[in-house]
Amino acid sequence: MSETYRHIQLLGPELRNQIAAGEVVERPASAMKELLENSLDAHAQQIDVRLDNGGRDLIRVQDDGQGIMGAELELAVTRHATSKITSFDELCDIHTLGFRGEALPSIASVSRLRMASAYGGEAHELRVNYGVSEPLLPSSLPRGTLVEVRELFGNIPARLKFLKSPATELKRAQEVFERIALAHLDVGFALSSGERTLRHFLPGESLRSRLAALWPEQVVTAMRRFSWESQGLSLHGLFSPPEFTQLRANHLWFYVNGRPVQDKRLLAAVKEAYQGRLTSRDYPQIILFVEIDPQAVDVNVHPAKSEVRFQDEKHLFASCVRVLRQELEATTQVTLEASQSQMPLDSSRMSRPMGFWGRMDQSIEHMPIVERPQYQQDPLPWQDSAPPQPELSDPLATSAATLSEEPARPDTPASPELRAQAHTTQPLSLAPEQAFSGKLPHDVTYLGQIARTYLILRNSQDNMLIIDQHAAHERVLYERLLKKAYAAKGQLLIVPWQMGLHQAELSRLEEIRSQLTEMGFALEIDGQTLVMTAIPPILALAEARAFLRDALTGKSNDYSAMLKSMACKAAIKAGQTMTVDEVSALLEQWFACPDREFCPHGRPTVLTWDQAFLEKAFKRRT
Ligand code: ADP
Ligand code: MG
């Protein structure tokens, strides 16, 4: 037998529990979740939770449920001991939240646990220190069960290291608490952090009233109820109209038989139902309860029971899509009618506010806007002897496209800011060989646009320059943003735009508010509502909104990333025809930029092909 041979051994109960704890108890939030589930399974009417130091020092859950017999307290903290199932048949027909008999022993193996419980007029208390039980004691608890978990992971420094700051752990626990509270409206819940009460839900509240404490009022008020049932499947909850979109899927809360779950199929079904009403990157907000025969769903697929498997996934998917679609169709009609009678202004006017133009330089106040029908093939500049005469149109009339928040389509007019610049520069003749007016520091000749994306130029050294119009404009705008060129120069909105904010978004807003102001935003906060009264002059309203939502979701997480994102949103897109004037305006600004050879993301803005390169390419020279 080799010296290195390691014998196979049965692990001791303590180690077994610690291994199980690795799956069941990841952080304070998961321990709290298990305790809440136990209280709910014990038919509690009132559950009070307290977390100290984000749950690291203490997680306390007290309920008025049916309690545990003194003689069984020790069993409750023993692995695979449960009162919830006794046979395989029952495992396939789960009516409780717990059933694995793992939570308490797992928690007790990685903490100092105290559990007191009353049953039949008596009460007892059991303490377990990192898996080692102390003798049972009498307790004065009048009813229900009280569980205290102290110093979670105190015996596993490696796990402790993985915990985030107390504030973050508290936030996660609070989210879990809130999700559970939404699914048990008949039960009263309270959550406190130390002495501070964070949430208080009365028993018997409606779903909408509980949700109103969690989500922005505007969103909750706009949400619609739905309820549908057929052949043992019931779908109900609240859904948002398509206008209330989110960039992340974090406000789609799904429940199966009262259990909060993550489920890709349900997410896909909701997205499918909203299809055509949202852009592909947006998510609606929804609370969806699925009530289904327990035998038709397997809840034993995930140790923390946060995922489930459905026997007939297709049927569920199809039902969800159908139900939500019908509801959405009904709502759209209602909102349309309502908006026709109530809106003070044509909605298209709201997205390109008058102030946008009014506050710009006098000389461009009556700036004409070139509107071209989509996908019209424009001749290259030199193929046309006269520059296309811009039609004079009402600036407000151009904004319909910006309402949709879709990425710019080819051939929407160039950026407002470039058009403005273009108008102040002398229009150029379209003769191919003609150099730009003396405004350009470099002696270049503009030859034309290729693929509505690349600008071809010749410089005085007879080199060919190919400039990416989007990348070059991005560089220009980025430099200006860096210089805070738009601070306090935002374009006022006639109708301030409002958006209800979630708590996380509010705190993010606090962090970045001064930076947003430097970019040209003017923002006020009214309770949980963000009121935007001015936007950076380089953005259309829809772009400003999209930018703000990105910024508040924390997608661009540092200042320079935010500036890059704004420069990118505001820059002229690839695929947009540019008039010679616009090209001239762009190049004038671009030539004046430091680091102009690269866009803010580091991609090249210009390729230079000299004669030697061309000769090689044509194999005139090797
Ligand atoms: P499970 O919930 O999967 O059965 P747990 O380890 O969470 O396993 O709990 C073990 C047992 O302890 C439960 O089956 C239940 O009988 C009892 N128990 C736990 N918490 C409570 C409580 N708050 N009220 C009444 N009984 C409880
Ligand atoms: Mg349990």
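Our structure is the block above this text.
Being a predicted model, the structure only gives us computed values, none of them experimental. (Residues numbered from 1 in each chain as written. Chains lettered and ligands numbered in written order. Predicted model: local features only at pLDDT ≥ 70, side-chain atom pairs only at ≥ 80, totals over all residues. Heavy atoms only, no water.)

(A) Quick peek at the overall build of the protein. The helix and strand tally for the protein stands at 21 helices and 23 strands. Evaluated residue by residue, the protein yields a buried proportion of 49% over its 622 residues. For the protein, the proportion of contacts with a sequence separation of at least 24, taken over those separated by at least 6, is 69%. (Helix = DSSP H or I, 4+ residues; strand = E, 2+ residues; numbered from the N terminus. Buried < 20%, exposed > 50% of the residue type's maximum accessible area, 1.4 Å probe, protein only. Contact = heavy atoms within 4.5 Å.)

(B) Region of the structure containing the sheet that holds strand 21 (residues 522-526). Read from one edge of the open sheet, three strands run 20-22-21, paired in antiparallel fashion. Bordering the open sheet on either side are strand 20 (491-500) and strand 21, each of which pairs with just one other strand. Each strand axis lies, on average, 20° off the axis of its neighbour in the sheet, ignoring direction. In the sheet, strand 20 pairs with strand 22 (residues 529-535) via six bridges, with the strands oriented antiparallel. Paired with Trp497 across the two strands is Met532, which belongs to strand 22. Strand contacts of helix 17 (residues 503-519): strand 20, strand 21 and strand 22, with the helix running at about 150° to strand 21, the strand carrying the most contacts. Sheet strands touched by helix 18 (residues 541-552): strand 20, strand 21 and strand 22. Its angle to strand 22, the strand with the most contacts, is close to 135°. (Pairing = 2+ DSSP bridges. Axes fitted to C-alpha atoms, helices over the stretch in contact; angles between N-to-C directions.)

(C) Examining the sheet that holds strand 12 (residues 252-256) more closely. In spatial order, the strands read 10-11-14-12-13; together these five strands make up an open sheet with mixed pairing. The open sheet has two free edges, formed respectively by strand 10 (224-230) and strand 13 (259-261), since each of these has just one partner strand. Within the sheet, the average angular offset between the axes of one strand and its neighbour, ignoring direction, is 20°. With three bridges connecting them, strand 12 and strand 13 associate as antiparallel partners. Each bridged residue has a counterpart across the sheet, and for Val256 the counterpart in strand 13 is Arg259.

(D) Up close: a positive patch on the surface. On the surface, a cluster of positive charge is made up of Lys164, Lys171, Arg172 and Arg248. Relative to the helices and strands, Arg248 resides in the loop between strand 11 (233-239) and strand 12. By relative accessible area, which is 42% here, Arg248 ends up partly exposed. (Patch = residues over 30% accessible without salt bridge, like charges linked within 9 Å, V, L, I, M, F, W, Y side chains within 5 Å. Areas by Shrake-Rupley, 256 points an atom, 1.4 Å probe, with all protein chains shown as cover. Salt bridge = Lys/Arg side-chain N within 4 Å of Asp/Glu carboxyl O. Lys, Arg positive; Asp, Glu negative; His and termini not counted. Charge placed at Lys NZ, Arg CZ, Asp CG, Glu CD.)

(E) Geometry of the side chain of Thr453. In this fold, Thr453 is placed in the loop between strand 17 (444-450) and strand 18 (454-459). Classification of Thr453 by relative accessible area gives buried; the value is 10%. For Thr453, the side chain forms a polar contact with the main-chain nitrogen of Gly575, separated by 3.1 Å. In this view, Thr453 contacts Ile467, Asp468, Gln469, Ala574 and Gly575; residues no more than four positions away in its chain are not counted. (Polar contact = N/O pair within 3.5 Å; in protein donor to acceptor, adjacent residues only side chain to side chain.)

(F) Focus on the pattern of salt bridges. Taken as a whole and judged by the stated rule, the model has 26 salt bridges. Residue Glu178 is joined to Arg199 by a salt bridge in which the shortest nitrogen-to-oxygen separation is 2.7 Å. Residue Glu178 is found in helix 7 (residues 166-183), and its partner Arg199 is found in strand 9 (residues 196-201); the two are separated by 21 residues along the sequence. Summarising the burial analysis for this pair, Glu178 and Arg199 share the class buried. With a closest N to O distance of 3.2 Å, Lys484 and Glu518 form a salt bridge. Of this pair, Lys484 sits in the loop between helix 16 (469-482) and strand 20 while Glu518 sits in helix 17, placing them 34 residues apart in sequence. A relative accessible area of 24% means that Glu518 is categorised as partly exposed.

(G) Layout of the packing of helix 17 against helix 19 (residues 559-570). The contact between helix 17 and helix 19 brings their axes to 11 Å, and the two run at 55°. The pairing of helix 17 with helix 19 is recorded here as oblique in orientation. Read as a crossing pair, helix 17 and helix 19 show a hand that is right-handed. Between helix 17, through Arg508, Ile512, Gln515, Glu518 and Met519, and helix 19, the contact on the second element is made entirely by Tyr559, Met562, Leu563 and Met566. (Parallel < 35°, antiparallel > 145°, perpendicular 65-115°, else oblique. Left-handed = near helix turned anticlockwise from the far one by under 90°.)

(H) Fine view of the site of ligand 1. Near ligand 1 you find 20 residues, and of these Asn38, Thr82, Ser83, Lys84 and Gly101 are the closest. Taking Phe99, its main chain carries an N or O atom lying 3.0 Å from an oxygen atom of ligand 1. Protein contact buries 92% of the 530 Å² of open area that ligand 1 shows by itself. Residue classes in the shell around ligand 1 are distributed as eight nonpolar, eight polar and four charged. (Near = heavy atom within 4 Å. Nonpolar A, V, L, I, M, F, W, Y, C, P; charged D, E, K, R; others polar.)

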